[in-house]
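Here's the letter readout for the chains.
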Amino acid sequence: MRFIQPANSKQDTVLSCYAGIGSRMFFDQYLTNEVSEFLWSEHQLIRELLEWGNFDQLIEGGCGFGRAMQLAIDMRIAYDGCEIVKEWIPVARSRIKDLGLDSNEVRVSFGSVESLEETSLLFTGRPSDSSLILLPFNLFGNLNSPSKCLAGARVLGCAVAIVSFHFDAGTTRLRRQYYENCGFVNLKSEFCSIGTRIVASHGLDSLAYKPETIEKFSYDAGFTRVTHFPISHGTLSLLRP
Ligand SMILES: C[S@@+](CC[C@H](N)C(=O)[O-])C[C@H]1O[C@@H](n2cnc3c(N)ncnc32)[C@H](O)[C@@H]1O
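Note that this is a predicted model, so its numbers are computed, not measured.

Enquirer: Run through the overall build of the chain, naming residues and quoting values.
Expert: Looking only at helices and strands, the chain has 8 helices and 10 strands in total. For a compact globule of 241 residues, the expected C-alpha radius of gyration is about 18 Å, and the chain comes in at 17 Å, within 12% of that figure. Along the first, second and third principal axes, the C-alpha set of the chain runs to 45 × 40 × 35 Å. Expressed as a percentage of the 241 residues in the chain, the buried residues total 45%. Put simply, 66% of the contacts in the chain that link residues at least 6 apart link residues at least 24 apart.

Here's what the structure looks like:
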């Protein structure tokens, strides 16, 4: 299997976290009520964005088993998932096969959103200004280099939707509860100038960025417009080139 990799040690830690107990973070039995609300609210807003935004391709970063695949299928737009944990790829591909979908329209690729220009060579089609890159479920807060991710998206000319948790004390408590539910221990949270960071056992290192930090990353990467939409316990920031 071909994989285009941003080689560095933090990336290795992210990988071992999500290939290990971090994979539980997607499963219903480990979600708290509040995180379920967050995900439901995220799902509803993405559906509205796809209906309203006239996109013809949805690119989902950190897609796992292809979380947003069904949404794209419902909207009749092309779907490309990308994921750094290789164990998820056959799981997602067997869903595509079971649903009898055409791999020219729905595809999941092994690669990183931090190397979007290269990873996109594996996609169903070249991303364009009518593609939406979705960074769901606080993925942006797990990246080693958010700037690299946005720089790649900017070169491709796509819109980007970043879904993040709030950074306030109440949401930090909810996040801690959720990570504990998943089996992480020795949690430490730190409120800092860019947001709230939680680190824990098994390599968990997750930042909930402040909206202004996301704006700064965005403008620095050359995006011209950022709109924030509220979701339950979080925000979706929509970036336009
Ligand atoms: C969507 S994030 C969930 C983050 C978590 N909910 C939190 O609160 O921090 C997890 C998924 O993203 C994937 N992932 C992490 N970094 C990635 C990257 N650079 N490119 C593609 N997928 C990545 C992981 O393997 C995992 O399947």
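Enquirer: Describe in detail the site of the ligand, supporting the description with residues and values.
Expert: Near the ligand you find 21 residues, and of these Tyr18, Gly62, Asn138, Leu139 and Ser206 are the closest. Listing elements by their share of the shell around the ligand, those giving two or more residues are helix H1 (9-19) and strand E2 (78-83). Of the residues in the shell around the ligand, the class split is 11 nonpolar, 8 polar and 2 charged.

Enquirer: Explain the sheet that holds strand E8 (residues 205-209) residue by residue, including any values.
Expert: Strands sit in the order E6-E7-E8 across an open sheet of 3 strands; the sheet is antiparallel. Since the sheet does not close on itself, it has two edges, and those belong to strand E6 (188-192) and E8, each with one partner. Each neighbouring strand pair of the sheet contributes to a mean axis angle of 15°, computed without reference to strand direction. The pairing of E6 with strand E7 (residues 195-199) spans 5 bridges and is antiparallel. What sits directly across from Lys188, in E7, is Val199.

Enquirer: Explain the confidence of the model for the chain to me, using residue names and the numbers behind them.
Expert: Per-residue confidence for the chain gives a mean pLDDT of 94, with 96% of residues at or over 70. Taken together, the stretch residues 2-7 has pLDDT below 50 and engages in 15 contacts with residues farther than four places along the chain or on a different chain.

Enquirer: I'd like to hear about unusual backbone geometry, residue by residue, with values.
Expert: For Asn186, which is not glycine, the phi dihedral falls at a positive 55°. Examined against the element boundaries, Asn186 turns out to sit in the loop between helix H7 (169-182) and E6. Residue Asn186 is classed as exposed on the basis of its C-beta count, with 9 C-beta atoms lying within 10 Å.

Enquirer: Any chance you could break down the environment of Leu150 for me, citing the residues and the numbers?
Expert: Structurally, the position occupied by Leu150 is in helix H6 (residues 146-156). Residue Leu150 is classed as buried on the basis of its 28 C-beta neighbours within 10 Å. As a C-alpha pair, Leu150 and Gln11 span 139 residues in sequence and 17 Å in three-dimensional space.

Enquirer: A description of the sheet that holds strand E1 (residues 57-61) should follow, citing residues and the corresponding values.
Expert: Read across the sheet, 7 strands follow the order E3-E2-E1-E4-E5-E10-E9 without closing on themselves; strand pairing throughout is mixed. Looking at strand neighbours, the two that pair on one side only are strand E3 (106-110) and strand E9 (225-231), the edges of this open sheet. Within the sheet, the average angular offset between the axes of one strand and its neighbour, ignoring direction, is 20°. Bridge analysis of strand E5 (residues 159-165) against strand E10 (residues 234-240) gives 6 bridges, and the strand direction is antiparallel.

Enquirer: Describe the packing of H6 against helix H8 (residues 211-220), with residues and values.
Expert: Contact geometry of H6 with H8 gives a least axis separation of 9 Å together with a crossing angle of 45°. The angle between H6 and H8 falls in the class oblique. Where H6 crosses over H8, the handedness of that crossing is right-handed. On the side of H6, the interface is formed by Pro146, Ser147 and Leu150, while H8 contributes Phe217, Ser218 and Asp220. Of the residues that constitute the contact of H6 with H8, the class distribution is 3 nonpolar, 2 polar and 1 charged.

Enquirer: Give me helix H2 (residues 33-53): which residues, what numbers.
Expert: Here H2 is 21 residues long and its end C-alpha atoms lie 30 Å apart, about the 30 Å a rise of 1.5 Å per residue gives. Restricting attention to buried positions, one finds in H2 the residues Val35, Phe38, Leu39, Glu42, Leu45, Ile46 and Leu50. Looking down the long axis of H2, one finds its buried residues gathered within 140° of arc, a one-sided arrangement. Along H2, the residues that are exposed and aim more than 90 degrees away from the buried face are Asn33, Trp40, Gln44, Glu48, Glu51 and Trp52.

Enquirer: So what about H8? Which residues, and what values?
Expert: One turn of an α-helix holds 3.6 residues; hence residues three or four places apart share an orientation. All of the buried residues along H8 are Thr213, Ile214, Phe217 and Ser218. Within H8, the buried residues cover an arc of 135° as seen down the axis, which keeps them to one side. Tucked inside the fold, the buried residues of H8 contact H6, E5, E7, E8, E9 and E10. Count one or two residues on from H8 and you reach Gly222, which has phi positive near 100°.

Criteria and cut-off values
- Sequence order as written defines residue numbering, which begins from 1 separately in each chain.
- Residues qualify for local features only when their pLDDT is at least 70, as the model is predicted, and side-chain atom pairs are given and counted only at 80 or more; totals for whole chains, interfaces and linings, by contrast, use all residues.
- Helix and strand assignments follow DSSP, with helices taken as H or I runs no shorter than four residues and strands as E runs no shorter than two, numbered in order from the N terminus.
- Every radius of gyration here is taken over C-alpha atoms, with the globule rule written as 2.2 Å times N^0.38, N being the number of residues.
- Whether a residue is buried, exposed or partly exposed follows from its count of other C-beta atoms within 10 Å of its own C-beta, namely 20 or more, 12 or fewer, or something in between, respectively; the C-beta atoms are built from the backbone.
- Two residues qualify as a contact pair if the distance between their C-beta atoms, derived from the backbone, is within 7 Å.
- A residue counts as near a molecule or strand when its C-beta atom, positioned from the backbone, falls within 6 Å of it.
- Asp, Glu, Lys and Arg are counted as charged, while Ala, Val, Leu, Ile, Met, Phe, Trp, Tyr, Cys and Pro are counted as nonpolar; the rest, among them Gly, fall into the polar class.
- Each pair of strands is called paired provided DSSP finds at least two bridges between the two strands.
- Note on geometry: axes are C-alpha line fits, over the in-contact stretch for helices, and angles between N-to-C directions span 0 to 180 degrees.
- pLDDT: the predictor's confidence for each residue, scored from 0 to 100.
- Relative orientations are named as follows: roughly parallel for angles under 35 degrees, roughly antiparallel for angles over 145 degrees, roughly perpendicular for angles from 65 to 115 degrees, and oblique for any other angle.
- By convention, the crossing between two helices is left-handed when the near helix turns anticlockwise from the far helix through less than a right angle, and right-handed when the turn is clockwise.
- Working rule for helices: expected span equals 1.5 Å times residues minus one.
- It is the directions from the helix axis to the C-beta atoms that the arc portrays.

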